[in-house]
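Below are the chains, spelled out letter by letter.
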Amino acid sequence: MEWSARDRAAKVGRDGRGGFGEGTGGMKHVRFGRGRFLVFEGVEGAGKSTQLPLVERRLGDAGVRTLTTREPGGTPLGESLRAVLLDPRFTGMSPTAELLVMFAARAEHLAKVIEPALAAGTWVLCDRFTDATFAYQGGGRGVDAARIAALEETVQGRVRPDLVLVLDVPVEVGLARAGRRRQMPMDLPDAPTWTGSAPDAADRFEREDVDFFRRVREVYLERARARPERYAIIDASADEETTAERVLTTISERLPYRRHSTRQSYEAGI
Ligand SMILES: Nc1ncnc2c1ncn2[C@@H]1O[C@H](COP(=O)(O)OP(=O)(O)OP(=O)(O)O)[C@@H](O)[C@H]1O
Ligand SMILES: [Mg+2]
């Protein structure tokens, strides 16, 4: 089904801007919308993986078809590369190697999952994307942002998120949450679907010091402030329910999904 939707999308054409394109052909007159690309960012323990399923459910209730995925990962190759990137045995990996592996996983993810879904009108909800590369490999490891931007251009072309939600918490709060999560592996919200991670041990990034994460947080905030039309900074230091309200309100204000109802986008057989 996914593939027939994709084929149809290819016939209708991609407008690449998220607006509605129109098919031709009398009775059929299919109105086709490219899906929206929504990314969740923030330091460890900010609540990305907690909030994401709530958004997925809310959008689903509104008739929006969604696909939830994550980076690094989201494909078999990407998940294997994720395991390498998080593996503490590779502590000290060269920042350039780390950067390239991140983008290798991203290239596969875009080609196999993200682009086909967006083209078929599905909203993609992604747990981390390229802002994380600017934040971790740029801010954290000190890789020049211009080198990251060059890879972004090469790997993504014009694909950028429609909205990046930066879940913002003080680094100490996020790390404390992540530490508690490690002590309760059954509490991992994403445990049933994702594989390849070790919930009870700190991964290669979680082992970094507080200053590393302070730099990461600062880059997220700087990038969000520089492009307010694409980013929303959400105070994620409150409890899960309060944060969820903030997240859901922001999404409905910034990407008014009710207009893209089942009737317009999907009832036409897409
Ligand atoms: N608002 C909140 N208040 C208190 N605890 C929270 C809140 N949101 C999430 N948590 C808990 O904090 C832990 C980390 O949350 P979560 O896994 O969603 O963070 P994350 O941003 O996905 O982190 P990571 O980058 O490490 O994947 C989980 O145990 C989760 O249940
Ligand atoms: Mg997570």
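Residues numbered from 1 in each chain as written. Chains lettered and ligands numbered in written order. Predicted model: local features only at pLDDT ≥ 70, side-chain atom pairs only at ≥ 80, totals over all residues.

## A closer look at the overall build of the protein chain
Right, so step 1: Assigned secondary structure in the protein chain consists of 10 helices and 7 strands.
Right, so step 2: For the protein chain, with 270 residues in total, the buried portion stands at 37%. (Helix = DSSP H or I, 4+ residues; strand = E, 2+ residues; numbered from the N terminus. Buried ≥ 20, exposed ≤ 12 C-beta atoms within 10 Å, placed from the backbone.)

## Considering the nonpolar core
Right, so step 1: Counting 43 residues, the largest nonpolar core has V124, L165, V166 and L167 as its most contacted members.
Right, so step 2: Sequence-distant contacts of V124, defined by excluding residues within four places in its chain, comprise G35, F37, L38, L67, T69, I114, A117 and L118. (Core = buried A, V, L, I, M, F, W, Y, C linked by C-beta atoms within 7 Å. Contact = placed C-beta atoms within 7 Å.)

## Some details on the environment of T66
Right, so step 1: Relative to the helices and strands, T66 is located in strand β4 (residues 66-70).
Right, so step 2: Ignoring sequence-local partners within four residues, the contact set of T66 consists of E56, L59, G60, T122, W123 and L125.

## Describing helix α9 (residues 240-254)
Right, so step 1: Taking 1.5 Å per residue, 15 residues should reach 21 Å; α9 reaches 21 Å between its end C-alpha atoms and fits that length.
Right, so step 2: What α9 keeps buried is the set T243, V247 and I251. Viewed end-on, α9 has its buried residues packed into an arc of 65 degrees, placing them on one side of the element. More than 90 degrees from the buried face of α9, the exposed residues found are E241, T242, E245, T249 and E253.
Right, so step 3: Taken together, the buried residues of α9 touch α2 (48-61), β6 (163-168) and β7 (231-235). (Expected span 1.5 Å × (residues − 1). Arc of directions from axis to C-beta.)

## Structural notes on the site of ligand 1
Right, so step 1: The local shell around ligand 1 holds 17 residues, among which G47, S49, T50, R177 and R181 are the closest.
Right, so step 2: When residues in the shell around ligand 1 are grouped by element, the largest group, 4 residues, is from helix α7 (residues 171-183).
Right, so step 3: Its residues assigned to classes, the shell around ligand 1 shows 3 nonpolar, 6 polar and 8 charged. (Near = placed C-beta within 6 Å. Nonpolar A, V, L, I, M, F, W, Y, C, P; charged D, E, K, R; others polar.)

## Thoughts on the pairing of β6
If a strand is regular, its side chains alternate between the two faces of the sheet.
Right, so step 1: Counting buried residues along β6, 5 of its 6 residues qualify, which places the element largely inside the surrounding structure.
Right, so step 2: The sheet contact formed by strand β3 (residues 37-41) and β6 spans 4 bridges and is parallel. Across the sheet, the residue bridging to V39 is V164, located in β6.
Right, so step 3: Sheet analysis places β6 next to β7, joined by 5 bridges and oriented parallel. Note that in β7 the partner of V166 across the bridge is I233. (Pairing = 2+ DSSP bridges.)

## So, helix α5 (residues 130-140)
Each full turn of the α-helix corresponds to 3.6 residues, which orients residues three or four apart in the same direction.
Right, so step 1: Of all 11 residues in α5, 11 are buried, a share of seventy percent or more.
Right, so step 2: All buried positions along α5 are accounted for by T130, D131, A132, T133, F134, A135, Y136, Q137, G138, G139 and G140.
Right, so step 3: Where the residues of α5 are buried, they touch β3, α4 (95-119), α6 (145-156), β6 and α8 (210-226).
Right, so step 4: Within two residues after α5, G142 carries a phi angle of roughly 90 degrees, on the positive side.

## Concerning the confidence of the model for the protein chain
Right, so step 1: Per-residue pLDDT for the protein chain averages 84, and the proportion of residues at 70 or more is 77%.
Right, so step 2: When the criterion is pLDDT under 50, residues 1-31 qualifies, and its contacts beyond four places in sequence or with other chains add up to 39 contacts.
Right, so step 3: Within the model, pLDDT remains below 50 along residues 259-270, and this stretch shows 20 contacts once partners closer than five positions in the same chain are excluded. (pLDDT = per-residue confidence, 0-100.)

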